[in-house]
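Chain and residue survey
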Amino acid sequence: MDKMTEGVQNIDGPTYSPQFSPLLFSIYLNDIDCLAEGVQGALTGIPNFMVTHLLFADDLSLMSNDHTNVQIMLNKLRTCAARKSLTVNTLKSEVMCFNSRSDNLPPIFFNGIQLP
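Since this is a predicted model, take the numbers as computed values, not measurements.

**A few points about the overall build of the protein**
- Looking only at helices and strands, the protein features two helices and six strands.
- Across the protein, helices and strands are ordered from the amino to the carboxyl terminus as α-β-β-β-β-α-β-β.
- Residue burial in the protein is summarised as follows: out of 116 residues, 23% are buried.
- Contacts in the protein between residues at least 24 apart in sequence constitute 41% of all its contacts with a sequence separation of at least 6.
- Within the structure as shown, the protein displays about 9600 Å² of accessible surface, and the carbon and sulfur contribution to it stands at 57%.

Here it is, written out as structure tokens:
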């Protein structure tokens, strides 16, 4: 067996390359700030500085002191994700509330699914 077979052309999509993965992810999420347009973020220790979202690797946290703003951002995220053919794993998503009683909070939904 001293003969090599011919190469196979990839017709399923772009060739995966680890060095391009972060760049492609950044391009896809380049406009993630649009989720925060028109909403008020969570208070911080810095006067007049509020945070609406944090992105670390492929994890996104949405933050606000008002549950309606969180719901608005989730609705925008659903639209943005659908436009880019991305999915949000609601099984790995959850709502966290600080400095409030959890038994009196309204439910938060993503694409019709109540988040725990």
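Next comes the rest of the write-up.
**A closer look at a nonpolar patch on the surface**
- Taken together, L23, L24 and I27 make up a surface patch of nonpolar side chains, about 300 Å² in accessible area.
- Locating L24 in the fold gives a position in helix α1 (residues 21–28).

**Some points on unusual backbone geometry**
- The phi torsion at N48 lies on the positive side, around 60°, for a residue other than glycine.
- You can see N48 is positioned in the loop between β1 (42–43) and β2 (50–51).

**Observations regarding the environment of I108**
- Of note, I108 is situated in the loop between α2 (67–83) and β5 (109–110).
- The spacing of I108 and T68 is 40 residues in sequence and 8.6 Å in space, taken between C-alpha atoms.
- If we skip the residues at most four places from it in the chain, I108 touches H67, V70, Q71, L74, V95, I113, Q114 and L115.

**Side note on the state of the cysteines**
- Summed over the entire model, instances satisfying the criterion amount to zero disulfides.
- Unpaired in terms of disulfides, C34 finds its nearest cysteine sulfur in C80, a separation of 4.9 Å.

**Description of the pattern of salt bridges**
- Summed over all chains, the structure comprises two salt bridges.
- The salt bridge involving R83 is made with D31; its shortest N-O contact spans 3.5 Å. Residue R83 is found in helix α2, and its partner D31 is found in the loop between α1 and β1; the two are separated by 52 residues along the sequence.
- Residue R83 is classed as exposed on the basis of its relative accessible area of 54%.
- Judged by relative accessible area, which is 30%, D31 ranks as partly exposed.

**Quick look at the pairing of strand β3 (residues 53–56)**
- Strand direction decides the pairing type here: β3 and strand β4 (residues 59–62), joined by four bridges, are antiparallel. Within the sheet, the bridge partner assigned to L55 lies in β4 and is L60.
- Following β3, the chain reverses through two residues before pairing antiparallel with β4; A57 in that reversal takes a positive phi of roughly 55°.

**A few points about the nonpolar core**
- Among the nonpolar cores identified, the biggest contains 13 residues, and L74 and L77 are the most heavily contacted of them.
- Residues contacting L74, with those up to four places away along its chain left out, are L62, I108, F109, F110 and L115.

**What about α2?**
- Between its first and last C-alpha, α2 extends 25 Å over 17 residues, near the 24 Å set by a 1.5 Å rise per residue.
- Residues of α2 that are buried make contact with β4 and β5.
- Among the residues trailing α2, S85 stands out with phi positive, at a value near 60°.

Definitions and cut-offs
- Residues numbered from 1 in each chain as written.
- Predicted model: local features only at pLDDT ≥ 70, side-chain atom pairs only at ≥ 80, totals over all residues.
- Heavy atoms only, no water.
- Helix = DSSP H or I, 4+ residues; strand = E, 2+ residues; numbered from the N terminus.
- Buried < 20%, exposed > 50% of the residue type's maximum accessible area, 1.4 Å probe, protein only.
- Contact = heavy atoms within 4.5 Å.
- Areas by Shrake-Rupley, 256 points an atom, 1.4 Å probe, with all protein chains shown as cover.
- Patch = residues over 30% accessible without salt bridge, like charges linked within 9 Å, V, L, I, M, F, W, Y side chains within 5 Å.
- Salt bridge = Lys/Arg side-chain N within 4 Å of Asp/Glu carboxyl O.
- Disulfide = S-S within 2.5 Å.
- Pairing = 2+ DSSP bridges.
- Core = buried A, V, L, I, M, F, W, Y, C linked by side-chain atoms within 4.5 Å.
- Expected span 1.5 Å × (residues − 1).

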